[in-house]
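# Coordinate inspection notes
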Amino acid sequence: MRHNEETSVISQLIDDKTARTLRSLLDESDRIVILTHMSPDGDAIGSSTAMQRMLAAMGKEARIIIPDMMLASLRRLPGAKEATDATRYPDFAAQLIADADLIICLDFNELNRIGRLAPHVEKATAPKVLIDHHLNPSDFATVTISHPEASSTCYVLFKVFCALELFSDIDKKTAECILTGMMTDTGNFSYNASDPDIYIIVAELLRKGADKERIYREQFETHSANSLRLNAYALLNKMEVFEDAGAALIILTRAELNRFHYTKGDTEGLVNRPLAIPGVYYSAFMREEDGYVKVSMRSLGKFPVNELCHDHFGGGGHLNAAGGEFEGTLDEAADLFRSLLETNKTKYPTA
Ligand code: 5GP
Ligand code: MN
């Protein structure tokens, strides 16, 4: 088979037994739902739509359920617009989960990452499959394929498709779904992207016809005028740089967001910008939400923003990209961040 030759240079990710178990779960199921995390990103929607398309190639109709709205740029992915938004249709989403005979969970490690859907998944009797790349997956699934060393769930998923001997079923659109997740979770291959297998997979996806330039433009270089102005304002007026601590902080109040007609996704990437400053090795962005503060952090080298978010800001994530939901006011969150700068220097490894 062609895929075996072409993908033999890629290290295998799942063992034969897991592959067989997964294959038979897919083969035996007819009412499949695919779930992903809150505020779904390119990897969440890319992996969900790729999975849905592969199931379609196997003659199975699967439904994607998202806990809340996705970014406009992701609605372009094939099948994304038809996903059920559980915020808008909570009862329908709950019913789909209750009726499912297989629940496929993509790009999250704990049920609290799917918000309002969590209790329904806990109650559901259907077997669950988890495919993910976040640290410390909780033990809720029948089959868990978790690879924290992988840069994206889409990367893991490509290898899973190969292990299931489905390589030849990956068409251009499915390739574009997978490539979207691989690109968005690595900042277009600029961080967390030194694994050579990434580029072997990219080569295979390009051979399938994926339009990498178009995906790049849609996902990275498309912004409204308001969004461009908001980001410029944040960098000009709101960026605090703590040179001695190697840190930076940007906070935006609700009033500031409103002034620039903020919509979801408008500040995507903003948190990365201060890392350009020599000597700054971690950066936080805080956005005032109703009743809580959305925190986003990024770092360079060994500084574990996932631990900082976990220990103080109600969240977690990856070593160099993490976030949380802080219960308190924006000023409280910012003051806490500033008060931790000294402690962080000794508590955590630095760059
Ligand atoms: P972002 O800053 O892009 O919102 O999130 C970056 C990463 O941080 C995500 O991929 C996810 O792993 C993690 N993350 C973001 N928000 C939360 C949160 O509220 N809770 C937890 N546990 N992780 C989060
Ligand atoms: Mn991901």
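Quick summary incoming for the structure in this document. (Residues numbered from 1 in each chain as written. Chains lettered and ligands numbered in written order. Predicted model: local features only at pLDDT ≥ 70, side-chain atom pairs only at ≥ 80, totals over all residues. Heavy atoms only, no water.)

## Describing the overall build of the chain
When helices and strands are tallied, the chain shows 13 helices and 12 strands. Relative to the globule expectation of 20 Å for 351 residues, the C-alpha radius of gyration of the chain, 20 Å, shows essentially globular dimensions. Across its three principal directions, the C-alpha atoms of the chain cover 55 × 45 × 40 Å. Considering only intrachain contacts with a sequence separation of at least 6, the fraction spanning at least 24 residues in the chain is 67%. Counting only carbon and sulfur atoms, one obtains 49% of the accessible surface of the chain, whose full area is about 15900 Å². Side chains of the chain give 37 positive and 51 negative charges; the mean places of these two sets differ by 4 Å. (Helix = DSSP H or I, 4+ residues; strand = E, 2+ residues; numbered from the N terminus. Rg over C-alpha atoms; globule rule 2.2 N^0.38 Å. Contact = heavy atoms within 4.5 Å. Areas by Shrake-Rupley, 256 points an atom, 1.4 Å probe, with all protein chains shown as cover. Lys, Arg positive; Asp, Glu negative; His and termini not counted. Charge placed at Lys NZ, Arg CZ, Asp CG, Glu CD.)

## Side note on the packing of aromatic side chains
Under the counting rule described, the total for this entry stands at 12 aromatic pairs. Where Phe189 meets Tyr199, the ring centres are 5.8 Å apart and the plane angle is 55 degrees; that geometry is what we call tilted. Of this pair, Phe189 sits in the loop between helix H7 (172–184) and helix H8 (196–207) while Tyr199 sits in helix H8, and the two are 10 residues apart along the sequence. Its relative accessible area of 38% is what places Tyr199 among the partly exposed residues. Here Phe313 and Phe326 contribute two aromatic rings whose centre-to-centre distance is 5.8 Å and whose plane-to-plane angle is 45 degrees, an arrangement assigned as tilted. Remark: Phe326 occurs in strand E12 (residues 321–326) and Phe313 occurs in the loop between helix H12 (305–312) and strand E11 (315–317); sequence separation between them is 13 residues. (Phe/Tyr/Trp six-rings, centres within 6.5 Å; stacked < 30°, edge-to-face > 60°. Buried < 20%, exposed > 50% of the residue type's maximum accessible area, 1.4 Å probe, protein only.)

## Structural notes on unusual backbone geometry
Phi is positive for Glu165, close to 60 degrees, though the residue is something other than glycine. When you line up the elements, Glu165 lands in the loop between helix H6 (153–163) and H7. Its relative accessible area of 42% is what places Glu165 among the partly exposed residues. Positive phi is not limited to glycine here, since Asn192 has a value of about 55 degrees. Along the chain, the position of Asn192 falls in the loop between H7 and H8. By relative accessible area, which is 47% here, Asn192 ends up partly exposed.

## Some words on the side chain of Ser227
Here Ser227 is to be found in helix H10 (residues 225–238). On the basis of relative accessibility, which here comes to 2%, the residue Ser227 falls in the buried class. Separated by 3.1 Å, the side chain of Ser227 and the backbone oxygen of Asp266 make a polar contact. (Polar contact = N/O pair within 3.5 Å; in protein donor to acceptor, adjacent residues only side chain to side chain.)

## Some words on the environment of Met297
Position of Met297 among the secondary structure elements: in strand E10 (residues 292–299). Take Met297: its relative accessible area is 0%, and that puts it in the buried class. Sequence-distant contacts of Met297, defined by excluding residues within four places in its chain, comprise Val271, Ser283, Ala284, Val305, Leu308, Cys309, Phe313, Asn320, Ala321, Ala322 and Phe337.

## Regarding the site of ligand 1
In the neighbourhood of ligand 1, 14 residues make up the surrounding shell, with His134, Lys294, Ser296, Arg298 and Ala322 lying closest. The set of elements that each furnish at least two residues to the shell around ligand 1 consists of E10, E11 and E12. Classifying every residue of the shell around ligand 1 by side-chain character gives two nonpolar, eight polar and four charged. (Near = heavy atom within 4 Å. Nonpolar A, V, L, I, M, F, W, Y, C, P; charged D, E, K, R; others polar.)

## Re the side chain of His134
Looking at the secondary structure, you find His134 in the loop between strand E5 (128–132) and strand E6 (143–146). By relative accessible area, His134 is classed as buried at 11%. Side-chain polar atoms of His134 contact the side chain of Asp132, separated by 2.7 Å. For His134, the side chain forms a polar contact with the side chain of His318, separated by 3.2 Å. Those residues within four positions of His134 in sequence are excluded, and the remaining contacts are Asp107, Phe108, Asn109, Ser146, Pro148 and His318.

## Points about the sheet that holds E10
In spatial order, the strands read E7-E8-E9-E10-E12-E11; together these six strands make up an open sheet with mixed pairing. Because the sheet does not close on itself, it has two edges, and the strands there are strand E7 (239–242) and E11. Across the sheet, the mean angle from the axis of one strand to that of its neighbour is 15 degrees, orientation sign disregarded. Pairing geometry for strand E8 (residues 247–252) and strand E9 (residues 282–289), over six bridges, is parallel. Paired with Ile250 across the strands is Phe285, a residue of E9. (Pairing = 2+ DSSP bridges. Axes fitted to C-alpha atoms, helices over the stretch in contact; angles between N-to-C directions.)

## Quick word on the packing of H6 against H7
If you want to describe how two helices pack, look at the angle between their axes and the distance between the axes. Two elements in contact, H6 and H7, have axes separated by 8 Å at closest approach and are oriented at 140 degrees. Each of Cys154, Tyr155, Phe158 and Phe161 in H6 lies in contact with H7, whose residues at this interface are Cys177, Ile178, Gly181 and Met182. Along the lines of polarity and charge, the residues of the contact of H6 with H7 split into seven nonpolar, one polar and no charged.

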